[in-house]
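Inside the fold
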Amino acid sequence: MSEHRKDTILLRGIGVSPGIVIGRAYVVDSRVPDTVKYCHIDESATDEEIKRFEQALNTSKEQLERIKSRLKEEGRGKEHIAIIDAYLMILGDQMLIDETKRLIKEKKMNAEWALKEVLRDIVELFDSMDDRYFKERSQDIEHIVDRIIMNLAGHKRTSITEIDEPSIIVAHELSPTDTAQMSRTKVLAFLTDVGGKTSHTAIMARSLEIPAVVGLEDVTRKVRTGDTVIVDGLTGAVIINPSKSVIDVYKRRSQRYEQYNRMLHHYKDMPAETLDGRRIRLLGNIEIAEEINSLLEHGAEGIGLYRSEFLYLNRKNLPTEEEHLAAYSYVARLMSPKPVVIRTLDLGGDKFIPMEPSAEINPAMGLRAIRFCFKRPDIFKTQLRAILRASKEGNIKIMFPMISGIEEIRRAKAYLEEAKEELKKEGKRFDPNIKVGVMIEVPSAALIADLLAKEVDFFSIGTNDLLQYSLAIDRVNEHVAYLYEPFHPAVLRMIKGVVDSARKYGIEVSVCGEMAGEIEHALIFIGLGIEQLSMNATSLLKVKRLIRSINYSDAREITEKVLEFSTAMEVEGFVASRLKEFYKEEFWSVY
Ligand code: PEP
Ligand code: MG
């Protein structure tokens, strides 16, 4: 292998979670060589090949045992450990082992090929059974076969849970599940080849306050484990093997960033009120209950979006009604009397669980969210019952994602009524007047907001998907990230229409997409008359500072002007210039 160069390399990606970190890179190679080649083995070499296979089996076993003991040390739940146990059981499966060895010996094929052949037979067998349980098992087996093949190829299959010193994770791709497992003490920052600003991986990074840059295209090829790397999660700059003077520059920037955050903290207990007295409610978005502390530290006035699907990730079985109930009751009690909006399961898109594997070509437009729930009313009803039961513990509201038309909201509400009836019969208590809302995130819903307003108590505008679907840009695809234009006139018009309909029918409207947490966008939402914004914890104080620095009358005047522009660029330029009037020394101007 040629000696690794130590030249400085500057890369630019999409900064999705702010913060500056200088640290050691740790490359997680999660990609399995996707072309396993067939090789004929000489009769005399088959024993050697079988030995190679056995060694790879042992290495895989050792790796899994190591992960398992680490999970135990970290006090992770039984479910995580059960997954590893299931993998270990497959590794010991005699049929898998014997059949592979037989093919090596009798057919004289290399171990990788033999293993793939055995896998194909098993998957075919399980698939023909058309049973969810077996489909799930065949995914596990594929996972294990991949691990063995990596080990046969001499790759060390590295995983995030195997890190033992604080590092900057570098990966081709990280799923929201991977990200949810990250601990801030071990993961200083992460970098990925793929991804976009509003992918759930990016959202999770912001929630966990882990600086991140995505969409770097080939960072996994450019950086090696052990390299020193600077990550600037705000601008998207990544510097590999920086010189001492560059490190010094970034250390100073990092100090300025910390100072800025300390300054923001003064706003924590102040009301979010404009200079001319308009009160705005600032709420937080969470994925997992543990994020509540951070929300409270940042002065959240409630939870405007609880992405409940994260309860289903990182586990091997579906959560039971009691597990749902425990999670929701905990959140409701901790926040009470502040409101908690629980969004029902939004699986699909870029979030999947092994229990419900998907082979859709276009998952963002497929069986996602409410559509999945209608296909699996058993799963849906379990969740609805638990939300209702938890509603007696605090101020819970329920919200349905990805509603695209009137029939859908009526159908979702019918399931809710069914769940209420069941609970009544069982003598279980719940809030009978629980408020019901919808996410406005599909363009068709935005365009019939006046009709939808008659069916529900509140709207929450999901700008992440509203942009994805109205501008036709896959939110996880770095190649179209440049088209992510929150100020696109089409988006602004749609949002205005939704706000006007909500006002006309007297229902609440808020924004819970990522735009809500960015000051230039928040300014326009306020100008449109929106009184509630929900965002990740780290954006709350900077938005509060904006609110306390402006007049509502100015925001309205700016917004009126903005609605006349014909391109996003014009809007951006105009808003940026007006914002500078309110902030004399804003962070980004000295940065
Ligand atoms: C949205 O689409 O804007 C939203 C808030 O929901 P999610 O990001 O979970 O899709
Ligand atoms: Mg959405």
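Please read all numbers here as calculations on a predicted model, not as lab measurements.

**Here we look at the site of ligand 1**
Taken together, 16 residues form the shell around ligand 1, and within it His200, Arg307, Arg343, Asn464 and Arg475 come nearest. Between ligand 1 and Arg307 there is a distance of 2.7 Å, counted from an oxygen atom to a side-chain nitrogen or oxygen. A distance of 3.2 Å separates an oxygen atom of ligand 1 from a polar side-chain atom of Arg368. In the complex, 100% of the free accessible area of ligand 1, which totals 280 Å², lies under the protein chains.

**Re the pattern of salt bridges**
With the rule as written, the count across this model stands at 45 salt bridges. Residues Arg120 and Glu117 are paired through a salt bridge, measuring 3.5 Å at the closest nitrogen-oxygen approach. With Arg120 and Glu117 both in helix 4 (residues 111-129) and 3 residues apart, this pair spans about one turn of that helix. For Arg120, a relative accessible area of 45% gives the class partly exposed. Of the charged contacts in the structure, one is a salt bridge between Arg333 and Glu393, with a shortest N-O distance of 3.1 Å.

**A look at helix 18 (residues 489-505)**
Taking 1.5 Å per residue, 17 residues should reach 24 Å; helix 18 reaches 24 Å between its end C-alpha atoms and fits that length. Looking one or two residues beyond helix 18, the residue adopting positive phi is Gly506, at roughly 70 degrees.

**Re the coordination of the magnesium ion (ligand 2)**
Within the protein, the atoms that donate to the magnesium ion (ligand 2) are Glu441 (OE) and Asp465 (OD), at distances of 2.0 to 2.1 Å. Here Glu441, found in the loop between strand 13 (435-440) and helix 15 (443-447), pairs with Asp465, found in helix 17 (residues 463-470); they are 24 residues apart in sequence, far enough to count as distant. Residue class for Glu441 comes out buried when judged on its relative accessible area of 2%. You can call Asp465 buried: its relative accessible area is 2%.

**Points about the domain arrangement of the chain**
Once the domains are mapped, the chain shows domain 1 (3-27 + 162-262), domain 2 (43-152) and domain 3 (272-590). Centre-to-centre separation of domain 1 and domain 3, based on C-alpha positions: 28 Å. With 24 residues of domain 1 at the contact, the number on the domain 3 side is 29 residues. Carbon and sulfur atoms make up 59% of the area that domain 1 and domain 3 hide from each other, which totals about 2400 Å². Joining domain 1 to domain 3, the criterion identifies 2 salt bridges. Note that Glu514 is salt-bridged to Arg206, the shortest N-O span being 2.6 Å.

The rules behind the values
- Residues numbered from 1 in each chain as written.
- Chains lettered and ligands numbered in written order.
- Predicted model: local features only at pLDDT ≥ 70, side-chain atom pairs only at ≥ 80, totals over all residues.
- Heavy atoms only, no water.
- Near = heavy atom within 4 Å.
- Polar contact = N/O pair within 3.5 Å; in protein donor to acceptor, adjacent residues only side chain to side chain.
- Areas by Shrake-Rupley, 256 points an atom, 1.4 Å probe, with all protein chains shown as cover.
- Salt bridge = Lys/Arg side-chain N within 4 Å of Asp/Glu carboxyl O.
- Helix = DSSP H or I, 4+ residues; strand = E, 2+ residues; numbered from the N terminus.
- Buried < 20%, exposed > 50% of the residue type's maximum accessible area, 1.4 Å probe, protein only.
- Expected span 1.5 Å × (residues − 1).
- Donors = N, O, S within 2.8 Å, 3.2 Å for Na, K, Ca; no water.
- Domains from an automatic or database assignment.
- Contact = heavy atoms within 4.5 Å.
- Buried area = accessible area lost by both parts, 1.4 Å probe.

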